[in-house]
Amino acid sequence: VGATSTPTMLHELHVDTRSAARDLIRRGWAVVSVKPGTKQTTGEGWEKLRMTQDQVNQHFALEDNIGVLLGEASGGLIDIDLDCAEAVGLAPAFLPATPMRSGRRSRPCSHRWYVVDDPSPNRTFKDVDPDKTTLLELRSSGRQTLVHPSTHPDDELYVWHGPLEPKRLRGQELDRAAHRLAAATLLARHWPRRPSSRHDIANSLAGMLLRGGWPEDDVVNFVHQIAKFVGEEGA
């Protein structure tokens, strides 16, 4: 599941922010204005803001970024934010497929969107390295995510990579998938680079997971996907 060709960028032309906000509201999702080129919201109490289409002009300047409120505010809308290359590369193997994906040129498809019936709490998965690098996040109630036509602080345009049709599933299923992806991402980042060591580590990992009660098919797939990714991507 290593890196593939860059997906088609959709909606790359800079559309009017207010029109984009109204479209998102029509879909039943709450939005918030964000300072241009930043991730900072423009007002107090934004977590509870539920603006209507008629209120968009008073909240949004044309050059503002736009954030979608997540979780309960938008009917269970969840964003899985993939913050490192390993998480992006391994995501297709561990996250349920969803048509609704977004990102930017340097990290396409780094946001995967779902709707769940029982939103999970926000979760941030970090590396064990000294800097505690963020691997991925499950973004839910009380959070917001920038979307097209917003501009990242690095001056890259956010784009959609598919139709705005998030996959529907149970929150527990998505939470479990996020945990497995985080574990696979962490292992891939620290997987031994010497071929002679990889075999021993793979066997030890498989044995540990089996003793922990994982079904054999799940163990085989988990270890295989990590080893395959490292074999394609590793030095």
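## Digging into the overall build of the protein chain
- In terms of regular secondary structure, the protein chain is built from six helices and 10 strands.
- The C-alpha atoms of the protein chain give 19 Å as radius of gyration, which agrees with the globular expectation for 235 residues (18 Å, within 12%).
- If you line up the protein chain on its principal axes, its C-alpha atoms span 60 × 35 × 35 Å.
- The buried share of the protein chain, taken over its 235 residues, is 48%.
- Sequence separation of 24 or more characterises 74% of the internal contacts of the protein chain that already satisfy a separation of 6 or more.

## With respect to unusual backbone geometry
- Here the residue pair His148 and Pro149 is connected by a cis peptide bond, since its omega of 5° sits within 30 degrees of zero.
- Mapped onto the fold, Pro149 is located in the loop between strand S8 (144-147) and strand S9 (159-160).
- Despite not being glycine, Cys109 shows a phi value in the positive range, around 55°.
- Residue classification places Cys109 among the buried residues on the basis of a relative accessible area of 6%.
- Not every positive phi belongs to a glycine, and Lys132 is a case in point at roughly 50°.
- Structurally, Lys132 is set in the loop between strand S6 (123-126) and strand S7 (134-139).
- According to the relative accessible area criterion, Lys132 is partly exposed, its value standing at 47%.

## Things to note about helix H4 (residues 171-190)
- Over its 20 residues, H4 extends 29 Å from the first C-alpha to the last, a length consistent with the 28 Å expected when each residue adds 1.5 Å.
- Burial in H4 covers these residues: Gly171, Leu174, Asp175, Ala177, Ala178, Arg180, Leu181, Ala182, Ala184, Thr185 and Ala188.

## Digging into the sheet that holds S8
- Strand order in the open sheet made by the three strands is S1-S2-S8, with antiparallel pairing throughout. Each having just a single partner strand, strand S1 (31-34) and S8 make up the two edges of the open sheet. Going from strand to strand, the sheet's axes swing by 35° on average, the running direction of each strand aside.
- Pairing analysis gives four bridges linking S1 to strand S2 (residues 65-69), with the strands arranged antiparallel. Across the sheet, residue Val34 finds its bridge partner in S2, namely Asn65.

## Some points on the packing of helix H3 (residues 85-94) against H4
- Relative orientation of the contacting elements H3 and H4 amounts to 135°, with a least axis distance of 9 Å. The orientation of H3 with respect to H4, classified from their angle, is oblique. Both H3 and H4 take part in a crossing whose hand is right-handed. On the side of H3, the interface is formed by Glu86, Ala87, Leu90, Ala91 and Phe94, while H4 contributes Ala177, Arg180, Leu181, Ala184, Thr185, Ala188 and Arg189.
- Taken together, the residues of the contact of H3 with H4 break down into eight nonpolar, one polar and three charged.

The rules behind these values
Residues numbered from 1 in each chain as written. Predicted model: local features only at pLDDT ≥ 70, side-chain atom pairs only at ≥ 80, totals over all residues. Heavy atoms only, no water. Helix = DSSP H or I, 4+ residues; strand = E, 2+ residues; numbered from the N terminus. Rg over C-alpha atoms; globule rule 2.2 N^0.38 Å. Buried < 20%, exposed > 50% of the residue type's maximum accessible area, 1.4 Å probe, protein only. Contact = heavy atoms within 4.5 Å. Expected span 1.5 Å × (residues − 1). Pairing = 2+ DSSP bridges. Axes fitted to C-alpha atoms, helices over the stretch in contact; angles between N-to-C directions. Parallel < 35°, antiparallel > 145°, perpendicular 65-115°, else oblique. Left-handed = near helix turned anticlockwise from the far one by under 90°. Nonpolar A, V, L, I, M, F, W, Y, C, P; charged D, E, K, R; others polar.

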